[in-house]
Amino acid sequence: MKRIIIILLLVSNISIGQTLDRLKENFDLEVDDQSKNVLEKYKSFDYDFSNIWSVTENQNVYGIIGDEHQRISIKLISIIRISNGPFLYNVYGKSKVKDNICEFYGNIVIKEIREVKELHFGVDDEYADKGIKNQGILVADYEFYESKEQKHSGIFKGTLYSKWYLNSKNQIVYDDIEFISDGYMNNAFVGVWKSYSTGKEKDCNWADYRVPIANRDFDIGAGEFSVSEKYWNQGWLDIALKNKSPNLAIKQSEKAENQKEWWE
């Protein structure tokens, strides 16, 4: 069995009855144990995956840390492909838990690239005439090191899963073709955070639009992300208010709209 399938099966087995695992339903894309790892095919520097990890607005990137599913926000500010390592990307970003903000530096290393057996073109085949050449998923390792000079800092490490496609110009593009489908998710970071001061690890997972692995009673949304009232006090109250006011009945003040983002 290929590495990706082994990982997904292990996660699924562990999570039965305890957690909700959205990895398999979002990242199989007809990629199975017969799909080859075509990493070398994308070794050329014409293929740059860095842009797919910073497409989504940060307000739609959702993450949890620890057993209580405390909300964590992650912002990847700079992602640069390294010239002497075609699958190595240097990353600078910031994390936020409650009011604690930390800078981090680290890297993403692509380990696997697998192409789908059959291209998918979305609802009513709306992308059928867009010249898509290939689609697939990538699997990468990541390690992000928060500054030791800052409070409550540590290391993020784990596995990243991303969906992409190759357009008619041979450019790597963020695959949001199935965005309107229920439970859509991309760029799933699944791993742990390890404290510098105590050495203890906490589960830490985040992704675009949904949390990839969480307690089964955490995300109660069908089509869109929605957090159970049990977890509102872990930093999720604004999501609850947003879901209760889908018609934008609650509006930001002009002052709030002009404020800097938390990572700026």
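Quick caveat, the model's predicted, so the values are computed rather than measured. (Residues numbered from 1 in each chain as written. Predicted model: local features only at pLDDT ≥ 70, side-chain atom pairs only at ≥ 80, totals over all residues. Heavy atoms only, no water.)

### Topic: the overall build of the chain
Reasoning step 1: Secondary structure assignment for the chain yields four helices and 12 strands.
Reasoning step 2: Each of the 264 residues in the chain was classed as buried or not, and the buried ones make up 50%.
Reasoning step 3: Put simply, the chain shows about 14,300 Å² of open surface, and 48% of that area lies on carbon and sulfur atoms. (Helix = DSSP H or I, 4+ residues; strand = E, 2+ residues; numbered from the N terminus. Buried < 20%, exposed > 50% of the residue type's maximum accessible area, 1.4 Å probe, protein only. Areas by Shrake-Rupley, 256 points an atom, 1.4 Å probe, with all protein chains shown as cover.)

### A short note on unusual backbone geometry
When glycine is set aside, most residues are seen to have a negative phi, and most peptide bonds are trans.
Reasoning step 1: The backbone of His69 sits at a positive phi, close to 60 degrees, despite the residue not being glycine.
Reasoning step 2: The topology assignment puts His69 in the loop between strand E2 (61–65) and strand E3 (70–71).
Reasoning step 3: Within the chain, Asn187 stands out as a residue other than glycine whose phi angle is a positive 50 degrees.
Reasoning step 4: Here Asn187 is to be found in strand E10 (residues 186–195).

### What to know about the pairing of strand E5 (residues 88–97)
Reasoning step 1: Both strand E4 (residues 73–81) and E5 contribute to a ladder of eight bridges, which runs antiparallel. The residue bridging Ile80 from the neighbouring strand is Asn90, located in E5.
Reasoning step 2: The hairpin formed by E4 and E5 contains six residues between the paired strands. (Pairing = 2+ DSSP bridges.)

### Focus on the pattern of salt bridges
Reasoning step 1: Within this structure, the stated rule accounts for eight salt bridges.
Reasoning step 2: For Arg22, the salt bridge is made with Asp219, and the minimal N-O distance between the two is 3.3 Å. Here the residue Arg22 occupies a position in the loop between strand E1 (19–21) and helix H2 (23–27), and Asp219 occupies one in the loop between strand E12 (213–215) and helix H3 (237–244), the gap between them amounting to 197 residues.
Reasoning step 3: Note on Asp219: relative accessible area 7%, which makes it buried.
Reasoning step 4: The shortest N-O distance in the salt bridge between Arg71 and Asp238 comes to 2.6 Å. Taken together, the residues Arg71 in strand E3 and Asp238 in helix H3 connect sequence positions 167 residues apart.
Reasoning step 5: Residue Asp238 is classed as partly exposed on the basis of its relative accessible area, which comes to 42%.
Reasoning step 6: One network of salt bridges, with partners in common, ties together Arg22, Arg210 and Asp219. (Salt bridge = Lys/Arg side-chain N within 4 Å of Asp/Glu carboxyl O.)

### What to know about the nonpolar core
Reasoning step 1: Core analysis: the largest hydrophobic core is formed by 35 residues, its most contacted members being Phe49, Trp53, Ile110, Ile113, Phe144 and Phe156.
Reasoning step 2: With residues up to four places along the chain from it excluded, the contact list for Ile113 reads Lys36, Asn37, Val38, Leu39, Tyr42, Phe49, Phe87, Ile137, Leu138 and Trp164. (Core = buried A, V, L, I, M, F, W, Y, C linked by side-chain atoms within 4.5 Å. Contact = heavy atoms within 4.5 Å.)

### Details of the pairing of strand E7 (residues 134–146)
Reasoning step 1: Burial of E7 is extensive: 10 of the 13 residues sit out of reach of the surface.
Reasoning step 2: As defined by bridge partners, strand E6 (residues 100–115) adjoins E7 across 11 bridges and the pair is classed as antiparallel. The residue bridging Ile110 from the neighbouring strand is Ala140, located in E7.
Reasoning step 3: Here 12 bridges tie E7 to strand E8 (residues 154–166), and the two strands are oriented antiparallel to one another. Within E8, the position partnered with Val139 by the bridge is Tyr161.

### Observations concerning the packing of aromatic side chains
Reasoning step 1: Under the defined criterion, the tally for this structure stands at 25 aromatic pairs.
Reasoning step 2: Taking 5.1 Å as the distance between ring centres and 70 degrees as the angle between the ring planes, the aromatic pair formed by Tyr142 and Phe189 counts as edge-to-face. Here the residue Tyr142 occupies a position in strand E7, and Phe189 occupies one in strand E10, the gap between them amounting to 47 residues.
Reasoning step 3: Residue class for Tyr142 comes out buried when judged on its relative accessible area of 2%.
Reasoning step 4: Among the residues examined, Phe189 registers a relative accessible area of 3% and is labelled buried. (Phe/Tyr/Trp six-rings, centres within 6.5 Å; stacked < 30°, edge-to-face > 60°.)

### Topic: a nonpolar patch on the surface
Reasoning step 1: A surface patch of nonpolar side chains, amounting to about 290 Å² of accessible area, comprises Val123, Phe179 and Ile180.
Reasoning step 2: Position of Val123 among the secondary structure elements: in the loop between E6 and E7.
Reasoning step 3: In this structure Val123 comes out as partly exposed when scored by relative accessible area, which is 41%. (Patch = residues over 30% accessible without salt bridge, like charges linked within 9 Å, V, L, I, M, F, W, Y side chains within 5 Å.)

### Structural notes on the confidence of the model for the chain
Reasoning step 1: Mean pLDDT over the chain works out to 86, with 85% of the residues at or above the 70 mark.
Reasoning step 2: Across residues 5–17, confidence stays below pLDDT 50; counting only partners more than four residues off in sequence or on other chains, it has 17 contacts. (pLDDT = per-residue confidence, 0-100.)

### Brief notes about the environment of Phe156
Reasoning step 1: Here Phe156 is to be found in strand E8.
Reasoning step 2: Among the residues examined, Phe156 registers a relative accessible area of 1% and is labelled buried.
Reasoning step 3: The spacing of Phe156 and Asp203 is 47 residues in sequence and 9.6 Å in space, taken between C-alpha atoms.
Reasoning step 4: Phe156 has contacts with Ile72, Ile74, Ser95, Phe104, Tyr142, Glu143, Phe144, Glu146, Val192, Trp193, Cys204 and Trp206, leaving out every residue within four places of it along the chain.

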